[in-house]
Amino acid sequence: MPTIHLLRRHALLAAKILVVVGAYYGGGRLGLLSPIGAGDVSPLWPPTGIALVALLLWGPRVWPGVAIGAVLINYWPGEPPIQFVGSALGSALAPLLGYLMLRAVDFRATLERLKDVIALLVLGGMTAMVVSATFSVVSLWLAGVLPRSAFAATWLVWWTGDAMGVLILAPLLLTARYARWPREIHPYRVIEAATLLATMLAVIALALHSPEQLLFIVFPFIIWAAWRFQLAGATPCVFLVTAISIYAASRGLGSFAGDSVLSHLITLQAFSASTTLTALVLSVTISARNDARAHVREVASQLATVVNQLDRRLRPRPEAPPYGKRDEL
């Protein structure tokens, strides 16, 4: 029996590692579909968010899946070995560093506290991804692929692209993992959600087809989603808006028809970071307010029950009539 149990544990771990490899590689292929950027630089690199979430949910034992996925997605036939090794090593180490830093600050994957959101953005995203950007860009420079004059700009775009993968994908995946279907769904909530989604998509489509830079008019809808539906509504909206914006930039639609590639990348990443920060911070703040209000109501109800019980106990009872005395007619 212990042997069978051990075999099951190893088989389950192997299955999880294979899932991580497939998800990492698939996310990397999606990230490489965008033609904007210099070389392999993408405005949004999904594998970073996928890898960090896998480590947060399943622990560091699945890190070999991250490493294998990083090797598979970074290997290109004919490229200098130093370029491949540096990129793969940085891509594998960055999520692990983010996981260790989040564990050190008592991070909760449920994202129920503002502290958790800030830690995910600052430690898991912006800080940890310095490793992947540095290893990758330095390896490109050492391989002679990247000129020294483009080092700083490439590093900045690479770092923000990796960080955006954490900022956008990680909250979405964690929310989907811990979300619970409500027991009762009121019809007006369904109508409100459908209206929000349809209106937001229509507005973002009009903004992206305009020659002017109107991406930020989508903010009221992100605030609407965060205010009314918290993380369950805000994170999918941010993901959809970001994906549509990247598609428009890759096709050169609207305001992305001119300017330089670097300008497009900076615009996309600034827009994605702003919408993500707004959605996450506001969602968690509203959730905390709702939880506090519900707790106050529960405590008030319990206190009212206790007061009623004490009142009944302390209220003087009516005296019984003397024995044998009859009511006068």
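Residues numbered from 1 in each chain as written. Predicted model: local features only at pLDDT ≥ 70, side-chain atom pairs only at ≥ 80, totals over all residues. Heavy atoms only, no water.

1. Notes on the UniProt feature "transmembrane region" (unreviewed entry) in the chain
The UniProt entry lists residues 12-32, 83-105, 117-143, 155-176, 188-208, 214-231, 238-258 and 270-288 under the feature "transmembrane region" (unreviewed entry), expressed in the numbering used here. Here residues 12-32 is 95% helix and 0% strand, with 30 Å between the C-alpha atoms at its ends. In residues 188-208, the share of helix is 100% and the share of strand is 0%. The end C-alpha atoms are 30 Å apart. (UniProt positions renumbered as here; feature names shortened; annotations may be inferred. Helix = DSSP H or I, 4+ residues; strand = E, 2+ residues; numbered from the N terminus.)

2. As for the pattern of salt bridges
Summed over the entire model, instances satisfying the criterion amount to four salt bridges. A salt bridge links D116 to R113; the nearest nitrogen and oxygen atoms lie 2.8 Å apart. Of the charged contacts in the structure, one is a salt bridge between R228 and E192, with a shortest N-O distance of 2.8 Å. Highlighted residues: R228 in helix α9 (residues 219-251) and E192 in helix α8 (residues 187-209), separated in sequence by 36 residues. Looking at R228, the relative accessible area reads 30%, which means it is partly exposed. A network of salt bridges, in which partner residues are shared, links R189, E192 and R228. (Salt bridge = Lys/Arg side-chain N within 4 Å of Asp/Glu carboxyl O. Buried < 20%, exposed > 50% of the residue type's maximum accessible area, 1.4 Å probe, protein only.)

3. Comments concerning the confidence of the model for the chain
The share of residues in the chain with pLDDT of 70 or more is 90%, and the mean pLDDT across the chain is 83. Across the chain, the element-wise mean pLDDT spans from 81 in helix α10 (residues 261-314) up to 94 in helix α2 (residues 46-58). (pLDDT = per-residue confidence, 0-100.)

4. Some points on the packing of aromatic side chains
Under the definition given, this model contains five aromatic pairs. Centre to centre, the rings of F216 and F219 are 5.7 Å apart; their planes meet at 15°, and the pair counts as stacked. On the basis of relative accessible area, F219 is assigned to the buried category, the value being 16%. Each member of the aromatic cluster is reached from another via a ring pair, and the members are F216, F219 and F271. Across the ring face of W227, the terminal group of R289 is positioned such that the distance to the ring centre comes to 5.4 Å. (Phe/Tyr/Trp six-rings, centres within 6.5 Å; stacked < 30°, edge-to-face > 60°. Lys NZ or Arg CZ within 6 Å of the ring centre and 35° of its normal.)

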